[in-house]
Amino acid sequence: MHWFDTIDSTNTRLKEMARQGAPHGTVVIAGQQTGGRGRMGRSFSSAGGGVYLSVLLRPKASARELMHLTCAAAVAMCEAVEAAAGLRPRVKWINDLVAGKRKLGGILTELGFGAGGSIEYAVVGIGINCCQKSGDFPGELQSIATSLAMEGAPCLTEKLAAEMVLALERMDRRLLAEQDAIMEVYRSRCVTLGAQVQVIGSGAVRQGKALDIDREGALLVEYADASREWVASGEVSVRGMYGYL
Ligand code: BTN
């Protein structure tokens, strides 16, 4: 386990370590990131007061068998937050932890491939807002983001980090053998299921309703014209959250 007060990005650092042969289970934790990264090339606000943690996995599995990894990490992080702070977060598909209608944290999973396309490593990076006050977030996030402290929950960063590591260890043991059970919990935690959604993909924005999530984490959306689509990646906004009215 490698602790840093400040780092550019725990995911970036751990990927470098993975390429240099770091073992399964290596963890990088930071109190602050100067270049925190989110999904779809976005930045992730990483001021002091949050927990920024990445774990390196070297699973003996194909990319297909790991499609549910981000969902499994989301379930694990809900359990960690609950154990550390007594607050029961939910998940906004696919990788956001939410409290009420606001973002409490996010997950970024990155895979490294070897020759022949086999998986060499997976880096799962998680940021959870713990002790930040509203003013610690950039202006554009102030109506979207929350933290454990802002929700009135205890913000014990070291306890949260410890629970995150324990939950990731449990997730690693169950990941392949208990996929269906993990995904059942994911569905029960997911605020996107049953909600009106906006799917933003390949230049088009379409409105629909989220009906289901399959065992690999894809989201089934039914559009106004009654057509249905399994959405496996991209941006899906939930009506009533993050400024989508
Ligand atoms: C998202 O909200 O799109 C995902 C955010 C993931 C942020 C975490 S913080 C620890 C790790 N290091 C990073 O640079 N990103 C992830």
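Residues numbered from 1 in each chain as written. Predicted model: local features only at pLDDT ≥ 70, side-chain atom pairs only at ≥ 80, totals over all residues. Heavy atoms only, no water.

Trainee: Please explain the sheet that holds strand β9 (residues 204-213) as it appears in this structure.
Mentor: Strand pairs in the sheet, formed through backbone hydrogen bonds, run parallel or antiparallel to each other. Spatially, the five strands line up as an open sheet ordered β11-β10-β9-β8-β12, and their pairing is antiparallel. In this open sheet, the two edge strands, each paired with only one partner strand, are β11 (228-231) and β12 (235-238). Along the sheet, successive strands turn relative to each other by an average axial angle of 40°, direction set aside. Bridge analysis of strand β10 (residues 219-223) against β11 gives four bridges, and the strand direction is antiparallel. Across the sheet, the residue bridging to L219 is V231, located in β11. (Pairing = 2+ DSSP bridges. Helix = DSSP H or I, 4+ residues; strand = E, 2+ residues; numbered from the N terminus. Axes fitted to C-alpha atoms, helices over the stretch in contact; angles between N-to-C directions.)

Trainee: Before we go on, may I ask you to explain the layout of surface pockets in this structure?
Mentor: Once rolled over the atoms, a probe with the size of a water molecule shows which space is left empty. Size it by volume and the largest pocket reaches roughly 740 Å³. Forming the walls of the largest pocket are 38 residues, and the residues nearest its centre are G38, R42, S43, F44 and K103. Elements with a minimum of two residues in the lining of the largest pocket: α1 (10-19), β3 (50-57), β6 (102-113), β7 (119-129) and β12. Grouping the constituent residues of the lining of the largest pocket by class yields 15 nonpolar, 15 polar and eight charged. Here the second largest pocket defines a volume of roughly 410 Å³. Looking at the second largest pocket, it is lined by 17 residues, and the ones nearest its centre are M67, T70, I94, T109 and A232. Sorting the residues of the lining of the second largest pocket by element identifies α2 (69-85) and β6 as the ones contributing at least two each. In terms of residue count, β6 provides more of the lining of the second largest pocket than any other element does, four residues in total. Taken together, the residues of the lining of the second largest pocket break down into ten nonpolar, five polar and two charged. (1 Å grid on protein atoms, 1.4 Å probe; cavity = no way out; pocket = protein on both sides within 12 Å on 5 of 7 lines; lining within 4 Å. Points joined across faces, edges and corners; volume = space filled by probe spheres on them. Nonpolar A, V, L, I, M, F, W, Y, C, P; charged D, E, K, R; others polar.)

Trainee: Got a minute to help me understand the site of the ligand in this structure?
Mentor: Neighbouring the ligand are 21 residues, the closest being S9, Q33, R37, R39 and K103. The backbone of N11 places a nitrogen or oxygen atom 3.5 Å from a nitrogen atom of the ligand. Within the contact set of the ligand, a nitrogen atom lies 3.0 Å away from a side-chain nitrogen or oxygen of Q33. Bound to the protein, the ligand loses 96% of the 420 Å² it would expose on its own. Judged by its atoms lying within 2 Å of the grid points, the ligand is housed in the largest pocket. Taken together, the elements giving at least two residues each to the shell around the ligand come down to α1, β3, β6 and β7. In terms of residues, the shell around the ligand owes the most to one element, β6, which gives four residues. Within the shell around the ligand, the residues separate by chemical class into six nonpolar, eleven polar and four charged. (Near = heavy atom within 4 Å. Polar contact = N/O pair within 3.5 Å; in protein donor to acceptor, adjacent residues only side chain to side chain. Areas by Shrake-Rupley, 256 points an atom, 1.4 Å probe, with all protein chains shown as cover. Sits in = over half its atoms within 2 Å of the grid points.)

Trainee: Mind showing me how you'd approach the packing of α2 against helix α4 (residues 179-189) here?
Mentor: Between α2 and α4, whose axes approach to 9 Å, the crossing angle comes to 65°. Relative to α4, α2 is oriented roughly perpendicular. Pair α2 / α4 crosses with left-handed handedness. Where α2 approaches α4, its residues C71, A72, A74, V75, C78 and E82 are matched on the opposing element by I182, M183, V185, Y186 and R189. Split by residue class, the contact of α2 with α4 holds nine nonpolar, no polar and two charged. (Parallel < 35°, antiparallel > 145°, perpendicular 65-115°, else oblique. Left-handed = near helix turned anticlockwise from the far one by under 90°. Contact = heavy atoms within 4.5 Å.)

Trainee: Looking at this structure, how should I read the packing of α2 against helix α3 (residues 157-174)?
Mentor: Closest axis-to-axis distance for the α2/α3 pair is 8 Å, and the angle between their directions is 140°. By the criterion of interaxial angle, the relationship of α2 to α3 is oblique. With respect to the hand of their crossing, α2 and α3 are arranged in right-handed fashion. Contact residues: L69, A72, A73, A76, M77, E79, A80, V81, A83 and A84 in α2; K159, L160, E163, M164, A167, L168, R170 and M171 in α3. Its residues assigned to classes, the contact of α2 with α3 comprises 14 nonpolar, no polar and four charged.

Everything listed here is a matter of coordinates, which is why it stays silent on function.
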